[in-house]
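The lines below spell out each chain.
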Amino acid sequence: MLIDAALGLLPASVKQHAQAWQNFASLRSDRLRFMERLAARGEPVVELPISLYHVYVLFDLDDIKEILVNQTRKVHKGMGLERAKEVLGEGLLTAEGDAHLRQRRLVQPAFHKQRLRGYGSAMIDCTTQYRSELQDGELRDMHTEMMRLTLRIVGRTLFDVDTSADADEIGQCLHNFVQSFNFTMLPFYPLLRHLPLPQVRRIHATRAALDRYIYRIIDERRKSGRDHGDLLSMLIAATDQESEGATTLSDTQLRDECLTLLLAGHETTANALTWTLFLLSQHPAVEQRLLGEIDSVLGDRLPTIDDLPRLSYCEQVVAESLRLYPPAYAIARRVLEPIDLPSGHRLQPGSLAIVPIRVIHRLPTFYPDPERFDPERFTAEAKARRPRFAYLPFSHGPRNCIGEHFAWMEAVLVLATLLQRVQFRLAPGQVVEPDPLITLRARYGMRMRVCARRPRPQAS
Ligand code: HEM
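These numbers come from a predicted model, not from an experiment.

Undergrad: Just checking my understanding: could you explain the sheet that holds strand β3 (residues 75-77) for this structure?
TA: For sheets, the rule is that strands pair by backbone hydrogen bonds, running either parallel or antiparallel. As summarised here, the arrangement of the 5 strands in space is β1-β2-β8-β5-β3, forming an open sheet in which the pairing is mixed. Either end of the sheet is taken by a strand with one partner, and the two such strands are β1 (45-50) and β3. Averaged over all pairs of adjacent strands, the angle between their axes in this sheet comes to 30 degrees, without regard to strand direction. Sheet topology places strand β5 (residues 331-335) next to strand β8 (residues 352-355); 4 bridges connect them, and they run antiparallel. By the bridge assignment, R334 is partnered in β8 with L352. Against the sheet, helix α4 (residues 61-70) engages β1, β2 (53-58), β3, β5 and β8, with an angle of about 115 degrees to β8.

Undergrad: Any chance you could explain the sheet that holds strand β9 (residues 422-426) here in plain terms?
TA: A sheet is described by the order of its strands in space; here 3 strands give the open sequence β4-β12-β9, paired in antiparallel fashion. Two strands lie at the open edges of the sheet, namely β4 (139-141) and β9, each paired on one side alone. Ignoring strand direction, the axes of neighbouring strands in this sheet form an average angle of 40 degrees. Where β9 meets strand β12 (residues 447-452), 5 bridges bridge the pair, whose relative direction is antiparallel.

Undergrad: Teacher, can you tell me more about the site of the ligand here?
TA: The environment of the ligand is made up of 25 residues, and the closest members are G265, T268, A328, C401 and G403. Going through the elements one at a time, α14 (251-282) and α19 (404-419) are the ones with two or more residues in the shell around the ligand. Ranked by the residues each element gives to the shell around the ligand, the list is headed by α14, at 7 residues. For the shell around the ligand, the residue count by class is 16 nonpolar, 6 polar and 3 charged.

Definitions and limits used
Residues numbered from 1 in each chain as written. Predicted model: local features only at pLDDT ≥ 70, side-chain atom pairs only at ≥ 80, totals over all residues. Pairing = 2+ DSSP bridges. Helix = DSSP H or I, 4+ residues; strand = E, 2+ residues; numbered from the N terminus. Axes fitted to C-alpha atoms, helices over the stretch in contact; angles between N-to-C directions. Contact = placed C-beta atoms within 7 Å. Near = placed C-beta within 6 Å. Nonpolar A, V, L, I, M, F, W, Y, C, P; charged D, E, K, R; others polar.

So, in structure tokens, the structure goes:
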């Protein structure tokens, strides 16, 4: 109130600067509420200054489609990913233009349907082994556990490596990387990054540790000289090719690609699984129905990839969890050329366009009573009634998630394999709050009690 009153007394240009910094402060103190307040205005586009930037937040689905699908040549990734290059380099997630197209073409075969089928058994294997380590009644932080499990899965499937010995170090690096997000998003970061600040040193140390890990994997594979038929062998072959017209990668690109897939390939899915376990622990009726499906489809045997079509309620549960807690809760684009949006707004070059995925997923027009966890929203009929862009946990268009099918398959197989034997109950006193950094993590972790499931009495 006082700030608003003071702003009223200032000349227009000073007022605008003050407003820009006030917006910046609100965004930093509570990113999710800030976006919700903007959505409550009910406008298709909210245009506002934030620190040094002119920002458009898009709430209209046609406008969102325009940015993500029709005008991709006129935009680049937003500031968060731009600055993540400090650690990630220029892999598939952060590369732009032709370099991105080339990399996408190169990596795509690792995600073809036939390849995915092969990954299914590794996913089940890793989860079964993890499941066997769980003790009835013990407390585990499911956020950390799911990070380890999904890291192990992506290591096995795409790189044919066992990450278990290095999981803690990679987890720590990832933690530092994610925690550095707020610092790298400071408007003067391009200057700050040259100063000997502890945060800058931590970013350098994180990069160095990840480099050591990734280059070790690459070196070992090169020395082995064997084609493992996985993504890593494919990428190394592409790096070593010298023939004219071949899609080649430099050693640095190879490192960037591997690191990107290792990190992007486990962090998001781990968050999705953690939120799903939390939601199930709070909704016993949904959990019971899900357990019923798992028991009737699997009985006592392990799942296989052929069970996926029959685990449809499990998929609905994951879909609803991704609606409420989308790991990529917002995506941003930097505008390079003027863009005229279907809603009539013109985006100016140099500005940022934000797609607030989590807010779109909670618009009552598409999701009545939006806070309610209700997997019925994802039956085939319910989905057919909604516009496609009202649901975008994996984004859409040429920069959508390359790992989408991998992630669906992994989430359903991991859940079914775990819940066949155990349930998870939130630990007493566990505070649950989303932490919107690069992804939507659980701010205080997710300590849960492991409860072994009793075998069901046989029907006589
Ligand atoms: C629930 C799990 C996941 C979610 C919610 C998710 C979400 C997303 C989203 C929203 C994007 C677009 C980002 C943007 O446009 O700025 C993206 C891109 C990407 N994701 Fe995922 N992802 C998941 C799992 C995976 C997995 C399992 C992999 C790999 C194994 C992966 C690899 C990538 C890569 C490489 C990109 C960049 C694609 C490109 O720009 O061409 N993701 N993901």
